[in-house]
Each structure stands twice: as structure tokens, then as C-alpha cells.
Amino acid sequence: MGKHEDRPVLLVEDNPDHEELIRRAFADRGAPVALNVARHGEEALDYLFRRGEYQDAERSPRPRLILLDLRLPRVDGLEVLAEVKSSPDLRAIPTVVLTTSESEDDLARACAQHANSYLVKPVEFERFEALMVSLESYWLTLNRQPGDGGRRAD
Amino acid sequence: MIAGARSLRTRLALALATIVAVVLLVNAALLMLSARQRLRERLETSASLFASLATGPVCSAYDAYFESGSFKFRQVVRDLLVTAPDVTRLEIVDVEGRVLFDSAHLEGVPDPAAPGRRLDPVRLEAARRLEPTRIRGRGAEGDTLEIVSPWVEDWGRHRLSVVHHVSFAKLNAEYRRYARVTLALTALSILVAAGVGLVLARRLTRPLAGLTEGAREIAQGRFGRRLDVHTGDELETLAKAFNEMAERLEATRTERERLIGELERRNAELERFTYTVSHDLRSPLVTVRGFVDLLEKDVAAAAPERVAADLARIRGATSTMEKLLRELLELSRVGRVMNPPERVSLDELARQATALLHGRLRAAGVRVEIGPGLPFVTGDRLRLLEVFQNLIENAVKFRSGQGEPVVEVGSRPGPDGPVVYVRDNGVGIDPRYHDRVFGLFERLDPRVEGTGVGLALVKRIVEVHGGQVWVESEGAGHGSTFCFSLPVAP
């Protein structure tokens, strides 16, 4: 695996406790990722479109994965999702909804906005951890996206 | 329905035509009978007159000329008969019953029976009388009338009588003509009556057709339909009643739709509420469970500073949960558990809220100015106090870092009575979020403490009191003005 700095993840999460849970879940299983956190939807969009305090590209590396909570202050998760998926530049970034909401309605709306995946935060930490590990291995290790460079079959 | 209207019209027209026909036919029959009577009477009168006038000249001419100058006599008879077209035949008889002359054989053809022909007893009896006698009978051609009138000579001798044969042929012909004309006119009248009846019936039933049409439209749910009937009769009354019914139906439907809309709104609100609550209560639960599991690991790993951090997060999440539950309970009590409404001075409430928040205001260095003219309203004093408390608290939370924070409470005239406002010079709210700030658990800034219930509570309290609440702000850095309107106390 490459250095974790090569695999920046944008976590859009307003709850610092959940942020910590996610960090620990990644860290404890030795799956280091560079977690950039946006506290609300507006901040996430600023980051992605490099606006406001994120104008500096150093501070806002293009994420390989966006982890998106739905209920956010100001601009909510679905709006962020819509913006990302309607931007020709950003839509290739896998965007995974990670929320406490088990509502069918939210699931349907997230799918309608082309979310790449929809995950519900598990209550037990063991399962939380397992989920983060799967997430890391699938989206950050196995999954390939434009810009990775094609590997020729030998 | 159309068929019914038509048959009603036809029935009306038929009834009218039948009545007219019966009346006209009876009338015609009476007319014809009386005409026949009159014609006969006139005929008989004129025949009698003729008989009384002609008998003398005929008999004296017979006496004078029959034996000597038959031609002259015949001339006299012929001339007389011409003047009375209905008297077709004259016979001169003597009181012995002998027929002396018969005008049937006037034109030279001798009567073969004349010399020996004698009168029958009835006519003989009549011929002997000194008064004229009418003899009615029936012959092959209908009724017959003979008038037997005596010739009484100047000195009183009665020797001869004249039998006048009166013919009804002309009368009958005239009567038939009259009857034909009468019947034709009657038939024409009946036809005209039927036509007029049809037109009248159509005119009478046209508003009915309108009523039917309107009733059908209403039955199909188009309550906006009104009938325009100005016949000035029962139909107009019916149409008016009909319009009233339609109006009431429309009002009922509008009211029902309003209630359904209200119910749907409430339902959606409740759904949103349930969803929000389950989501937001799950969130601290994830935190608690997550850090309990982590705590175990950290204890096992003997990392005391981590243990302390985990415990702090668990404590924080449980107190958030406790607070959420308490505020939810509070929110659900609004409208359900109310203090009896009373006349409340908003000025007094604003001052009371300021006094209650005194500590926080002083700590944050916020100055509250209460303007004059705050209205009196009717409502739950404690709830309305919460409105001010929450709005002022909100202003304190979102004060900007620059300048002296000031909260201004006042009122200004609005379209539906006075508008009360709580204005701050704080961070302001982007117009995009003006609707969302009142949503349950909505928080615009995660760095500012709070659960996002305060403004939802304000909205609920104001709405339960029949008022409205909204926010005015030109955006970040321009401060915010929270406004609400309540029905003013009388």
C-alpha cells in the first residue's frame, strides 16, 4: 500500500464523537487514511470546490473517497451529494453516505442523487470497525478510479 | 334525464291541446245545434208568413182564372213560388178533401191522379180548420213540413185551403256548409292550440332543463355552477334554493379541503418529527456504544488518558440525549398542556425574560433594549415567556465577535396587526437557511452549543397561539431579526 497521504478521504460529519469513532476504527485495524473533516455541508462544498478557506490546494487535496453524513447543519448531505454528482470534475469521486438514518426515504433520495453506496452507522463498535475496514479495502484499495493509471494485463 | 324533461314537455303540450280540443268541440257542437234550430225556426217563420200572404192571392186567382185562363193562374202561382224558394209545392184543396190543383204538375203535365185524389184524414182535418196548421213528418229526404192555411173569403166563407210543402233541402245544404266551416275552424283552432301548447310547454320546461343540467354538474362535483333562472315563479325559487345548496356544498368542500390540507400538513410534520427524533436520538446512542466498546479496549491497553477521554465523550453523549429527550417532551407539551389563556403584556414578558437571562447576558456582555408599544395578547403566559427567552438566548448565542452585542425588542405595524421583533447585530443568517432555522434539531453552526430545539419550540408556541414566526436577515454579518405576529388581545 502506498503512503496514507496518497489516499485522502473527505469526511463530512458534524458530530466530533462520530469523527473520533471513524478515526479509531480506521487506525485500530491498521488502515491509515488521511481524514479531512468538514463540519457542515457548506464547508464540504468549499473544500471540494476550493473556495473560501480551502482555496489553497495544499489544504484541500482531491479526496479518493467522500464519506457523507446526511443530516448536516446548513447545506445538508443530499444537497452536497447533488452538487458533487452534477460537477463533471467531482462526480467520479466515490461518495458513500454514512448516516444513522435507516429511513427508506433517505436511502431512495441518496440513490436518486447517485450515491455510490449507502451505509448505516452500526451501534456496536466491533461492527463499526468491520464496516470501516471493508470500506477501506473496497473503496480505497480494490476500487480503481480515473487517474490511477491502467495496469496492463501481463 | 333529458328523456324525462321531454316527456314532461310533451305531456304538458298534450294536456293543453286536449283541454282546448274538448272545449272547442263542445262549443262547436253547441253552436251547430243552435244554428240548426235557428235556421229551422227562421225557415218556418218565413214559410208561415208566405203561406198567410200567398193563400189569398192563389185561391182568388184559382177562382178567377183556373177554369177560363189556366195560363194566367199558372203565372200567378209561378211568380209566388219564385219569391219563396223553400216552398216547393202548393196544393189547392177544398174542405171536402179533394185536391183541386197541385203545383207539381204546373208545367202542363196533367196530374193523372188529380181528379180523384183526396186528402188523408190528417190533412183533411187541417184543411177544414180556420187556423193555419203545421204538419211535420218524415219523408225519404228527411224532415218534411206542410203548412195548411185556409182561404177565408171576405164574407167569412171557407171553401178552399192551400197546402204549402216546405223543403228543408236548402236549409240542410246551408247547415252542412255552416257545419263544415265550423268544424274546419275548430280543427284549425285545435292545431293552433297544440302548437301554442308545445311552445308554452317548452318555455315552461326550459328552466327545468337548466336545473337538470345544474344538478348533474353538482352531482359530478362542480360546485361552482350557479343557475340563472329569472322566471319570477316557483322555478326561480327552486333555482335560488338550488344555488344556496350549491354554495353551501362548495363552502363545505372548501372547508373539508382546508381541513384535509391541514391534516396532511400535520401528518407530514409528524412524520418529519418522528424521523428527526429517531435519527437524532440514534446519533448519541452510536457514540455511547462506540466509546463503551473502545473504553474496554483502552482499559485493557492501560491507556488512562484515553479512558478519561472515552468517559468524557460517553458522558457528553448521554447528557445530549437527556437534553434532547427533555426538550422533545417540552415541545410535545406545547399545545397539549396549556395554561389557561390570559391577557398578557408582551412588554412585561420581554422584561421578565431579560431578567431571567440576566446572568448569561452579563457574561456575554449583551445589552437588551426594550422598545415602547409592545402589544397585549391573549395566551399562555409561561409559553410566551419562553418565546422571548429562546429568541434572546438565540441572539446571545449568535452574537458576532465585533462591536457591542445589542438585542433590541420592539414592535412595528404589520398587515395583520402588530409585528413583534427581536433584532440582534450578530452573525446573521444566509437567506437560503431562513426556513430551516425553525426546523427541529436544525443547527446552522455545529460549533455553537445547543440541540436545535429552541427555535422549533418558538415556532410551535407561536403557531399554537394562532400566530406566525419568521426571520429577516440580509445574510452573514448583517444581524438577524426574528419576527412574530400574534392575535392582539381585545
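Structure: above.
K.L.:
Can you tell me about the overall build of chain A, naming the residues and giving the values?
P.N.:
Secondary structure summary: chain A contains five helices and five strands in total. In chain A, the succession of α and β elements from N to C terminus is β-α-β-α-β-α-β-α-β-α. When the 154 residues of chain A are sorted by exposure, 54% land in the buried category.

K.L.:
Which residues make up the overall build of chain B, and what values do they have?
P.N.:
Within chain B, the regular secondary structure consists of 10 helices and 12 strands. Buried positions account for 40% of the 490 residues belonging to chain B. Just so you have it, chain B exposes about 27,800 Å², and 58% of that area is on carbon and sulfur atoms.

K.L.:
Please set out the nonpolar core residue by residue, giving values where relevant.
P.N.:
Residue and element names in this part refer to chain B. Formed by 72 residues in total, the largest nonpolar core has its most connected members in Phe-388 and Phe-484. No other element matches helix H9 (residues 381-397), which puts eight residues into this core. Ignoring sequence-local partners within four residues, the contact set of Phe-484 consists of Leu-346, Val-387, Phe-388, Leu-391, Pro-418, Val-419, Val-420, Val-462, Gln-468, Val-469 and Trp-470. Core analysis: the next-biggest nonpolar cluster, separate from the first, contains 31 residues, Leu-39, Ala-51, Leu-145 and Ala-179 among them.

K.L.:
Pulling in residues and values, what's your account of the pairing of strand E5 (residues 117-120) of chain A?
P.N.:
Examined bridge by bridge, strand E4 (residues 95-99) of chain A and E5 of chain A share four bridges and lie parallel to one another. The residue bridging Thr-99 of chain A from the neighbouring strand is Val-120 of chain A, located in E5 of chain A.

K.L.:
Which residues make up helix H2 (residues 41-48) of chain A, and what are the values?
P.N.:
All names here are of chain A. H2 sits mainly inside the fold: seven of its eight residues count as buried. Of all the residues in H2, the buried ones are Gly-41, Glu-42, Glu-43, Ala-44, Leu-45, Tyr-47 and Leu-48. Contact partners of the buried residues in H2: strand E1 (8-12), strand E2 (34-38), strand E3 (65-68) and helix H3 (77-86). Following H2 by one or two positions, Arg-50 adopts a phi angle in the positive range, close to 50°.

K.L.:
Give a description of the environment of Val-366 of chain B that names residues and reports values.
P.N.:
Residues and elements named next belong to chain B. Relative to the elements of secondary structure, Val-366 occurs in the loop between helix H8 (358-364) and strand E7 (367-370). Separated by 40 residues in sequence, Val-366 and Val-406 place their C-alpha atoms 5.7 Å apart. Residue contacts for Val-366: discarding those within four places in its chain leaves Leu-361, Val-396, Arg-399, Pro-405 and Val-407.

K.L.:
Residues and numbers for the side chain of Asp-310 of chain B, please.
P.N.:
Position of Asp-310 of chain B among the secondary structure elements: in helix H6 (residues 304-333). Residue class for Asp-310 of chain B comes out buried when judged on its relative accessible area of 2%. Here Asp-310 of chain B is in contact with Arg-24 of chain A together with Phe-291, Leu-294, Leu-295 and Asp-298 of chain B, once residues within four sequence places are set aside.

K.L.:
Please set out the interface of chain A and chain B residue by residue, giving values where relevant.
P.N.:
On the side of chain B, 29 residues touch chain A, which itself brings 34 residues to the contact. Roughly 2,700 Å² is buried in total at the junction of chain A and chain B, and carbon and sulfur atoms are behind 50% of that figure. Our count for the chain A to chain B interface comes out at eight salt bridges. Here Asp-280 of chain B makes a salt bridge to Arg-71 of chain A, at a shortest N to O gap of 3.2 Å.

K.L.:
Mind laying out the packing of H9 of chain B against helix H10 (residues 454-464) of chain B, listing which residues take part and the relevant values?
P.N.:
Residues and elements named next belong to chain B. Their axes nearest at 9 Å, the elements H9 and H10 cross at an angle of 145°. Where H9 crosses over H10, the two elements pack in a sense that is left-handed. Taking contact as the criterion, the partners of Arg-383, Leu-384, Glu-386, Val-387, Asn-390, Leu-391 and Asn-394 in H9 are, on H10, Gly-454, Leu-455, Leu-457, Val-458, Ile-461 and Val-462. Among the residues making up the contact of H9 with H10, the classes are represented as eight nonpolar, three polar and two charged.

Conventions we followed
Residues numbered from 1 in each chain as written. Chains lettered and ligands numbered in written order. Predicted model: local features only at pLDDT ≥ 70, side-chain atom pairs only at ≥ 80, totals over all residues. Heavy atoms only, no water. Helix = DSSP H or I, 4+ residues; strand = E, 2+ residues; numbered from the N terminus. Buried < 20%, exposed > 50% of the residue type's maximum accessible area, 1.4 Å probe, protein only. Areas by Shrake-Rupley, 256 points an atom, 1.4 Å probe, with all protein chains shown as cover. Core = buried A, V, L, I, M, F, W, Y, C linked by side-chain atoms within 4.5 Å. Contact = heavy atoms within 4.5 Å. Pairing = 2+ DSSP bridges. Buried area = accessible area lost by both parts, 1.4 Å probe. Salt bridge = Lys/Arg side-chain N within 4 Å of Asp/Glu carboxyl O. Axes fitted to C-alpha atoms, helices over the stretch in contact; angles between N-to-C directions. Left-handed = near helix turned anticlockwise from the far one by under 90°. Nonpolar A, V, L, I, M, F, W, Y, C, P; charged D, E, K, R; others polar.

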